[in-house]
Amino acid sequence: MIKRQNPKHKHITSFQIIILGFLSVIILGSILLMLPVATRDGKGAVCSDALFTATSAVCVTGLVIHDTAIYWSMFGQSVILFLIQIGGMGIVAVAVSVAAFSGRKIGLMQRSTMQEAVSAHHVGGIVRLTKFILKTSVCIELIGAALLLPAFIRDFGITKGLWYALFHSVSAFCNAGFDLIGIKEPFSSLTSYSSQPFFNFTVMALIIIGGIGFLTCEDINNNKLHFRKYRMQSKVILTVTGILIILPSLYFFFFEYHNLPLGERILTSLFQSVTPRTAGFNTTDLSSFSETGQMLIILLMLIGGSPGSTAGGMKTTTIAVLVSSALSVFRKKEDTHFFKRRISDDTVKSAATIFLLYIGLFIGGGMIISRIENLPLLPSLFETASAIGTVGLSLGITSQLGIASQFILIILMFFGRVGGLTLIFAAMKGTGTNVTKYPQEKITVG
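Residues numbered from 1 in each chain as written. Predicted model: local features only at pLDDT ≥ 70, side-chain atom pairs only at ≥ 80, totals over all residues. Heavy atoms only, no water.

Caption draft 1: Summary view of the environment of Leu-375. Structurally, Leu-375 is set in the loop between helix H15 (345-373) and helix H16 (377-388). Residues Leu-375 and Leu-401, 26 residues apart in the sequence, show an inter-C-alpha distance of 9.8 Å. Excluding residues within four positions of it along the chain, Leu-375 makes contact with Ser-370, Ser-380, Ile-397 and Leu-401. (Helix = DSSP H or I, 4+ residues; strand = E, 2+ residues; numbered from the N terminus. Contact = heavy atoms within 4.5 Å.)

Caption draft 2: Here's a closer look at the confidence of the model for the protein. Looking at the protein, pLDDT values average 84 and 83% of them are 70 or higher. A low-confidence stretch, residues 1-12 stays under pLDDT 50, and its non-local contacts, those more than four residues away or across chains, total 13 contacts. (pLDDT = per-residue confidence, 0-100.)

Caption draft 3: Spatial organisation of unusual backbone geometry. Look at Asn-175: it is not a glycine, yet its phi comes out positive at around 60°. In this structure, Asn-175 sits in the loop between helix H8 (158-173) and helix H9 (197-212). Look at Asn-175 and you get buried, because its relative accessible area is 0%. If you check the backbone angles, Lys-224 has positive phi at about 50° while not being a glycine. (Buried < 20%, exposed > 50% of the residue type's maximum accessible area, 1.4 Å probe, protein only.)

Caption draft 4: Just the side chain of Arg-277, in detail. Along the chain, Arg-277 falls in the loop between helix H12 (262-274) and helix H13 (291-303). Buried Arg-277, no salt bridge; nearest opposite-charge side chain is Asp-219, N-O distance 17 Å. Among the polar contacts listed, one links the side chain of Arg-277 to the backbone oxygen of Gly-304, at a separation of 2.8 Å. The contacts of Arg-277, once residues within four sequence positions are left out, are Asn-175, Thr-241, Leu-244, Ile-245, Leu-300, Gly-304, Gly-305 and Thr-316. (Lys, Arg positive; Asp, Glu negative; His and termini not counted. Salt bridge = Lys/Arg side-chain N within 4 Å of Asp/Glu carboxyl O. Polar contact = N/O pair within 3.5 Å; in protein donor to acceptor, adjacent residues only side chain to side chain.)

Caption draft 5: Local environment of H16. Taking 1.5 Å of rise per residue, the 12 residues of H16 would be expected to cover 16 Å, and the 16 Å separating its terminal C-alpha atoms lies within 8% of that figure. Turning to H16, its buried residues number three or more, namely Leu-378, Pro-379, Ser-380, Leu-381, Phe-382, Glu-383, Thr-384, Ala-385, Ser-386, Ala-387 and Ile-388. Among the structural elements, H13, H15 and helix H17 (403-418) are those in contact with the buried residues of H16. Immediately beyond the C-terminal end of H16, within one or two residues, lies Thr-390, with a positive phi of roughly 50°. (Expected span 1.5 Å × (residues − 1).)

Caption draft 6: Inspection of the pattern of salt bridges at higher detail. Under the definition given, this model contains 4 salt bridges. Note that Asp-155 is salt-bridged to Arg-154, the shortest N-O span being 3.0 Å. Using a relative accessible area of 30% as the deciding quantity, one classes Asp-155 as partly exposed. In this structure, the salt-bridge partner of Asp-155 is Lys-184, at a minimum N-O distance of 3.6 Å. On the criterion of sequence distance, the pair formed by Asp-155 in helix H7 (residues 126-156) and Lys-184 in the loop between H8 and H9 is long-range, its members being 29 residues apart. When salt bridges that share partners are traced, they join Arg-154, Asp-155 and Lys-184 into one network.

Caption draft 7: Region of the structure containing the packing of helix H11 (residues 232-256) against H13. Packing of H11 against H13 brings their axes to within 11 Å, and their N-to-C directions diverge by 165°. In terms of their interaxial angle, H11 and H13 are classed as roughly antiparallel. As H11 runs across H13, the sense of the crossing is left-handed. Here H11 contributes Leu-244, Pro-248, Tyr-251, Phe-252 and Glu-256 to the contact with H13, which in turn contributes Thr-292, Gly-293, Leu-296, Ile-297, Leu-300 and Ile-303. (Axes fitted to C-alpha atoms, helices over the stretch in contact; angles between N-to-C directions. Parallel < 35°, antiparallel > 145°, perpendicular 65-115°, else oblique. Left-handed = near helix turned anticlockwise from the far one by under 90°.)

Caption draft 8: Geometry of the environment of Ile-209. Structurally, Ile-209 can be placed in helix H9. Taking the C-alpha atoms as reference points, Ile-209 and Thr-310, 101 residues apart in sequence, are found 9.2 Å from one another. Excluding anything up to four places from it in sequence, Ile-209 contacts Ile-140, Phe-173 and Cys-217.

Caption draft 9: Representation of the side chain of Thr-268 in the model. For Thr-268, the position within the fold is in helix H12. For Thr-268, a relative accessible area of 0% gives the class buried. Setting aside residues no more than four positions away along its own chain, Thr-268 makes contact with Ser-194, Tyr-257, Leu-260, Thr-283 and Thr-284.

Structure follows, in structure tokens:
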């Protein structure tokens with residue numbers, strides 16, 4: 001006899017399954033990276049380095065202590081790629097996809113967990129959506145690898161070129177930021193390809209598609225270019241994504257890259273506006289940026305990608321809800337709305353909670369790292385924004401950090417990928433349905 005689960009705890013269990021899934025894969029990845037065969041020197045990684053790298057890969061961040069191409073063997077790189085793929089699509093999405101394709105029956109509990117994992121609005125059709133996620137991911141990554149292949153074959157030969165094309169396509173689509181170009185120069189990322197338009201636009205397209213979310217991709221697939229037929233969430237995501245690409249690229253063009261030739265200046269400005277929102281690749285040395293430019297990158301890293309995507313961060317929808325709510329206050333209007341659709345008060349409260357959580361952890365973590373490592377505050381804040389936004393960009397201090405600072409970044413990376421509310425709901429008892437009535441009284445703000 002199967003015991004019926006108390007519906008009161010259903011959602012909590014879903015959140016807990018998601019967290020345990022991520023933790024399990026991180027632990028497995030850490031163990032594999034500690035094996036002697038995982039490193040080029042045949043000694044294996046120490047526990048702290050393996051844990052940091054596995055967390056960074058599963059949480060699709062890209063922060064690294066050792067250069068991926070130089071330190072890790074082919075086996076180690078394969079483990080990292082496997083962790084990136086699992087982390088990018090989501091542990092639950094992969095598990096349910098495998099079960100669905102194998103013909104196994106997917107129960108209500110698995111469907112509910114899947115709903116939470118991909119930020120779907122309804123349980124209905126979740127298995128079909130999961131299959132779409134798996135097929136779409138594989139197809140886009142293979143197409144991306146094919147497009148990147150000529151550049152890598154030219155530079156590294158056929159065998160290594162095939163591996164490099166696949167690795168960087170998966171890393172870009174999953175917004176991971178891991179690269180193997182350190183074989184040219186350690187921690188160089190994609191700087192040697194900064195003047196190649198086709199290569200850059202391919203990587204940017206992979207990043208953007210992975211970052212807008214699978215629900216938005218499904219909307220585009222179903223409704224093609226008929227923008228009016230899209231879900232309201234898809235419209236918000238695409239609008240905000242466009243703004244966050246155009247405006248920062250204009251700043252970079254006029255203030256950070258004025259010494260470059262016009263064509264490379266446009267290309268580099270566009271790339272640098274796309275990659276901070278959780279991708280982690282870079283085609284220029286970020287330490288040469290002005291403090292204003294570095295601060296703009298920090299803001300982009302904190303915002304991140306979109307719900308139900310391979311990206312992390314606060315999410316584009318969170319910022320959109322907060323901005324719309326502020327505009328409603330300025331205009332003295334009662335409701336927050338997008339595209340003639342009202343946003344619920346619960347959504348506004350959730351957005352405000354997520355914003356405060358991210359800002360608090362970002363600033364708190366940066367201040368602690370700055371203090372214990374005796375480093376300037378801005379590079380430390382850059383590091384924590386990169387971790388909690390699951391980006392992977394750095395001003396070059398990651399490999400210099402001690403164990404305590406690395407552990408702070410590990411926590412921030414996990415928080416940024418799993419999501420603040422997921423962790424809170426998993427830890428809290430009850431569903432918050434109990435309402436306590438207190439006398440109402442006004443308080444002055446602002």
